[in-house]
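# Structural overview for review
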Amino acid sequence: MKMLDLQASRDAGTRLTVEIHQRVDVGLALVVLALLSLGLIMVASASVGMAEPFYFLQRQVVFVALGLVAAWALYSLRLAYWEQAGLLLLVLVYVLLVAVLLPGVGKTVNGSTRWISLGLFNLQVSEVVKLLVTVYLAGYLVRHGRQVRESMMGFVKPLMLLGLATIPLLMQPDFGAAVVLLAIGLGMLFLGGARLWQFVLLLGVVSSAMAYLAIQTPYRIARLTGFMDPWTDPFNTGFQLTQSLIAIGSGSWFGVGLGGSVQKLFYLPEAHNDFLFAVMAEELGLVGVCVVVGLFVFLVWRSFAIGQAAEAVGHRFGAFLAYGIGIWIGLQAFINMGVNMGLLPTKGLTLPLMSYGGSSMLVTCAAMGLLARVHRETVESGGWRRRSPRRKVRAEANA
């Protein structure tokens, strides 16, 4: 009798494991929770000397909670609704981009008008735009995939729509978001089957245009020159980067210890936001840096693996959506880390799932909810075959 009860318990546990794997990609969930947890720890450490103790941590906890609610909400919706709403989402993109530039609507901080006040926090429009454009392009590639692969117009048309979206972004100004938005578009079109010569040609044109725009504004020229040799003006244009490099260099192999950063004490501007990575490198050292880089690499890999599985069962919208989210998160993380380490010019881009900020946290968590939904619908479609307890359950059922 006891043997039968033990076998029944094992079967129940196996079936529960199967159901969890069917509904949630465990690897994706674990890496997201790891990044969120590490981000909360580093926000608490980086901001401890900036205001009331744990003020920013308390707000970040609220943002994470709201982000998880947003992730659950988007996870609960069928992807078919998002695919059908593509045109409305594109219209919403342009409405938001125009609205933020209207007097009395957009909020200006440090000379940039990028936010709309929502009371609890300021919504950064560019973050929402990244997600909505990714969803729209996924639907576009499903509807017009053949044109993208076979005609120049099918390839150029979505880029023209992206170009119209980058104009208001540059007026804010938000050059970094414009670069990420165009990179998402180019990456998704390439994965959608665009011909290599078309891709290379457009990439060259876009890169040239971005380079031209970068040197047309004095503050962008200052950022470029400061990035190339920040030590020539370490107390002005190169101040933020030099302090970041000092922080990273001070971390050595294992860091100075959690909470022991010196650069966060009024030396490094935006230590809890754009330059959280530098504080983490100082406190946790090269080991901590490798862990975070590894987590983001794993997150991007899971995104592409989910997309590949969706494409294998014919769920093309989910596949392109997963690819787009992977490109977006991977590129933004790479740019943020590159800026912190002096490999790229300074951009106002957060480290996804880690940096302080309501807009970035809400939208990125929402994107993770969509990614989890792609996995679920792929499994329900009969995809995602791999060695797991599911095979054991099927074998027992057949027996």
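The rules behind each value
Residues numbered from 1 in each chain as written. Predicted model: local features only at pLDDT ≥ 70, side-chain atom pairs only at ≥ 80, totals over all residues. Heavy atoms only, no water. Patch = residues over 30% accessible without salt bridge, like charges linked within 9 Å, V, L, I, M, F, W, Y side chains within 5 Å. Areas by Shrake-Rupley, 256 points an atom, 1.4 Å probe, with all protein chains shown as cover. Salt bridge = Lys/Arg side-chain N within 4 Å of Asp/Glu carboxyl O. Helix = DSSP H or I, 4+ residues; strand = E, 2+ residues; numbered from the N terminus. Phe/Tyr/Trp six-rings, centres within 6.5 Å; stacked < 30°, edge-to-face > 60°. Buried < 20%, exposed > 50% of the residue type's maximum accessible area, 1.4 Å probe, protein only. Contact = heavy atoms within 4.5 Å. Pairing = 2+ DSSP bridges. Axes fitted to C-alpha atoms, helices over the stretch in contact; angles between N-to-C directions.

A surface patch of nonpolar side chains, amounting to about 540 Å² of accessible area, comprises Trp-253, Phe-254, Leu-286, Val-287 and Val-291. Checked against the element boundaries, Val-291 lands in helix 13 (residues 276–312).

The next point concerns the packing of aromatic side chains. For the structure on display, the rule yields eight aromatic pairs. The interplanar angle of 55° and the centroid separation of 5.9 Å between the aromatic rings of Phe-63 and Tyr-356 together place this pair among those described as tilted. Here Phe-63, found in helix 3 (residues 55–76), pairs with Tyr-356, found in the loop between helix 14 (316–340) and helix 15 (358–380); they are 293 residues apart in sequence, far enough to count as distant. The exposure class assigned to Tyr-356 is buried, which follows from its relative accessible area of 12%. Centre to centre, the rings of Trp-72 and Tyr-75 are 5.5 Å apart; their planes meet at 35°, and the pair counts as tilted. A residue pair is termed a helical-turn pair when its members lie 3 or 4 positions apart in one helix, as Trp-72 and Tyr-75 do in helix 3 at three residues.

What follows is about the environment of Met-280. By the secondary structure assignment, Met-280 is in helix 13. On a C-alpha basis, the gap between Met-280 and Gly-251 in space is 8.5 Å, while along the polypeptide they are 29 residues apart. Not counting residues up to four positions away in its chain, the partners in contact with Met-280 are Leu-38, Met-42, Gly-285, Gly-288, Val-289, Val-292 and Met-354.

This brings us to the sheet that holds strand 3 (residues 122–124). On the basis of which strands lie adjacent, the open sheet formed by three strands has the order 1-2-3 and antiparallel pairing. Bordering the open sheet on either side are strand 1 (106–109) and strand 3, each of which pairs with just one other strand. With strand direction ignored, the average angle separating the axes of adjacent strands in the sheet is 50°. Summarising the sheet, strand 2 (residues 112–117) and strand 3 pair through three bridges and their orientation is antiparallel. Bridge pairing in strand 3 links Trp-115 to Gln-124. The sheet contacts of helix 6 (residues 125–143) involve strand 2 and strand 3, and relative to strand 3 the element is tilted by about 45°.

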